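Read off the chains here:
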Amino acid sequence: MSVRLHKPSISSLSLDKFIRSQKNLPKTPPQLFPGEPKSLIPPPQSSSPGIDVHYLLQKLDQSCPAINHFHQIHSQLLLRGLFQHPLAAGRCVKKLCTDLGSLVYSVHLFDQIDEPDAFMCNAIMRGFLGSCDPRSALEFYYLKMVSNSVSPNHYTFPLVAKVCAEVRSVVDGRKAHARVVKFGFESDLFVKNGFIRMYSVCGRIQDACDLFDSGFALDSVSWNSMIDGCVKNGEVGLACQLFDEMSERDVCSWNSMISGYVAVGDMEAARGLFEKMPSRDVVSWNCMIDGYARVKNVSSARACFDEMPCRNVVSWNIMLALYLRCKDYGECLRLFDKMVEGEVKPNEASLVSILTASANFRKIDRGKWVHSYIRDNDIEPDVLLSTALLTMYVKCGEIEMARDIFDHMPDKSVVSWNCMIMGYGMHGHGEKSLEIFLEMEKAGVNPNIATFVSILSACSSSGMILEGWWYFHVMLQKYKIRPTEKHYGCMVDLLGRAGLMDQSEELVKKMRAEVEPSLPKATPFACCRHFMLQLGEIIAKQQIKFHPQDITPYLLLLFIHIADRKWDGIEDVRNLINDTFGESAYSNQDQLEEFGLGFSLEKSSHHKESLVFSMLDEMASCIKLL
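Here the structure is a predicted model, which is why all the values come from computation and not from measurement.

Participant: What is the right way to read a negative patch on the surface from this model?
Facilitator: A contiguous patch of negative charge, built from Asp 210, Asp 213, Asp 244 and Glu 245, is present on the exposed surface. Taking the relative accessible area as the measure of exposure, Asp 244 reaches 51% and is therefore exposed.

Laid out in structure tokens, this is it:
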């Protein structure tokens, strides 16, 4: 059994011993940072340690706007041997976590404290929560507080419950709840309310009910937490029962019930409850407007909006989004004009709505005004806002401005990539669309259904027949995406532009019939393979006829024969390639030599080279499976 030695606190030191320890210290504290005011920490007028501590901590609270000032005061506490005082250490940790925002340094400082207490741990966990980093807060709780046997207080467990709710970890929440019982805090109402919310957020509504019914005193927060938890877990009937049992209801109770009825689409019950409310706040009105917006009841939503005594930015955003959903872009723009004229300042969500309306209404001037507003107000666009701005410029024909925004986006979603691919395709730059797709793959972003609709559409509008077939094949074989009517429509349009409609329309019809949504997921790809090979052979032969000096259709035909195991056809295509292109330079392309092919790709575009080598890779894979 190890015995932990505790150092005596500063209060237990004798005054004589403390005075002797100060004899060799300079009367004037050293200036640690050049240029700092010398009067920041004047010498104390008393040798009493209590006066020293309180004087330095007063300076910490009042005159410590930057980290270098903190370092000065921390140094003085160390020089005077006062830093291990619980009051001093706790205030230092709290200062770092709140005003200075140095959470990493606060944890480092915590490790230097001989006897940390719950106040310090709570300050650091609260700091991580405030920085939207609940996982670090949970890690700190286990590694620094539980492992070091720091005794919690009644503020600790509500924080831990909130952390577990944020990370949706009911396992950690239950562990913390067990420690609540161990340390005797189960009757603390503040702690109890925290765990009721934690269980509700984690979807364990029965555990929340058990805790609610555990026999200890309840307050309005307890009732409201249970009602809100029931509503968010779809238990509107149970929430209504609790609401009826409440002796005293506040506006939060009413709002929770209204939002519950809104969530299930019962606007009649929501309206009835709204009319009975003794007093309403802006949240009450917003709940009603949101409910009508969900069922697309524009007239009732606008009536509520116009009746509101006071509106906030959420009220305006709900109405803007509603008009956008109903494709009433003109009214969306007019409402935004009223918003700007008033006292409410638009936020990112407002700007996304107005940019989307401007894009669909082709109002480039309004879109540029929003762009200027973003720059003038130093708004840092997130992915959603940047993508809305990008889409606006694409749809309004400003493809260069769109590309500039795209290139400066620090983070790009799949929607951002799709928008850029679509933009180049809309303006007839099919090759650039494919180059963007290649960059997308290199960036590790997985394409979705909309990505391939944009690619096939770009290939169709640019007359890139062979590329269109290949990427349809990639969609099926590599990404296992089930084709939709839009994909088939693009393929029919692609083949029609190439003059292959008579030969290939029947194949596309058969392929479409085979790929029914009711079939198992793996079946469509097996069914499509046969028709895709036939279609590819038609396209390859047509492209060789019209473009005999382009190597790509020859490779496509070779690939199809390999995949279909047509051995005579393979040898015929290889001979045709070598007869057509001769013994050209290989340009260090070793993959070509594996198939006995001699030609150069030095003057080909980037996407064409990628297409060729993708085909070669597919051929190699097919050969390995033979």
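Participant: Would you explain the packing of helix H24 (residues 414-426) against helix H25 (residues 430-442) in this entry?
Facilitator: Relative orientation and spacing of two packed helices are given, respectively, by the angle between their axes and the distance between those axes. Put simply, H24 and H25 touch, their axes get as near as 7 Å, and they point 165° apart. The angle between H24 and H25 places the two elements in the roughly antiparallel class. Viewed along their axes, H24 and H25 form a crossing whose handedness is right-handed. Residues Val 414, Trp 417, Asn 418, Met 420, Ile 421, Tyr 424 and Gly 425 of H24 form the contact with H25, whose participating residues are Gly 430, Lys 432, Ser 433, Ile 436, Phe 437, Glu 439 and Met 440. Taken together, the residues that form the contact of H24 with H25 break down as 8 nonpolar, 4 polar and 2 charged.

Participant: So what exactly am I meant to see when it comes to the state of the cysteines here?
Facilitator: A covalent bond bridging the sulfur atoms of two cysteines is what the word disulfide describes. Scanning the entire structure with this criterion turns up 0 disulfides. Note on Cys 164: no disulfide assigned, nearest cysteine sulfur contributed by Cys 202 at a separation of 7.3 Å. Cys 164 sits in the buried class, given a relative accessible area of 0%. Taking relative accessible area as the criterion, Cys 202 reaches 19% and is therefore assigned buried.

Participant: For this particular structure, what's the right way to read the UniProt feature "repeat: PPR" (unreviewed entry) in the chain?
Facilitator: Here the UniProt feature "repeat: PPR" (unreviewed entry) sits at residues 117-152, 219-253, 281-311, 312-346 and 413-447. For residues 219-253, helix accounts for 74% and strand for 0%, while the C-alpha atoms at its two ends are 12 Å apart. Helix makes up 74% of residues 312-346 and strand 0%. Its end C-alpha atoms lie 10 Å apart.

Participant: Please explain the side chain of Ser 454 as it appears in this structure.
Facilitator: Residue position: Ser 454 is located in helix H26 (residues 449-461). Apart from residues lying up to four places away in sequence, Ser 454 is in contact with Asn 418, Ile 421 and Met 422.

Participant: Looking at this structure, how should I read H25?
Facilitator: Because each turn of an α-helix spans 3.6 residues, side chains separated by three or four positions in sequence point in the same direction. Spanning 13 residues, H25 covers 19 Å between terminal C-alpha atoms, matching the ideal 18 Å at 1.5 Å per step. One or two residues past the end of H25 sits Gly 444, with phi positive at roughly 80°.

Conventions we followed
Residues numbered from 1 in each chain as written. Predicted model: local features only at pLDDT ≥ 70, side-chain atom pairs only at ≥ 80, totals over all residues. Heavy atoms only, no water. Patch = residues over 30% accessible without salt bridge, like charges linked within 9 Å, V, L, I, M, F, W, Y side chains within 5 Å. Areas by Shrake-Rupley, 256 points an atom, 1.4 Å probe, with all protein chains shown as cover. Salt bridge = Lys/Arg side-chain N within 4 Å of Asp/Glu carboxyl O. Lys, Arg positive; Asp, Glu negative; His and termini not counted. Charge placed at Lys NZ, Arg CZ, Asp CG, Glu CD. Buried < 20%, exposed > 50% of the residue type's maximum accessible area, 1.4 Å probe, protein only. Axes fitted to C-alpha atoms, helices over the stretch in contact; angles between N-to-C directions. Helix = DSSP H or I, 4+ residues; strand = E, 2+ residues; numbered from the N terminus. Parallel < 35°, antiparallel > 145°, perpendicular 65-115°, else oblique. Left-handed = near helix turned anticlockwise from the far one by under 90°. Contact = heavy atoms within 4.5 Å. Nonpolar A, V, L, I, M, F, W, Y, C, P; charged D, E, K, R; others polar. Disulfide = S-S within 2.5 Å. UniProt positions renumbered as here; feature names shortened; annotations may be inferred. Expected span 1.5 Å × (residues − 1).

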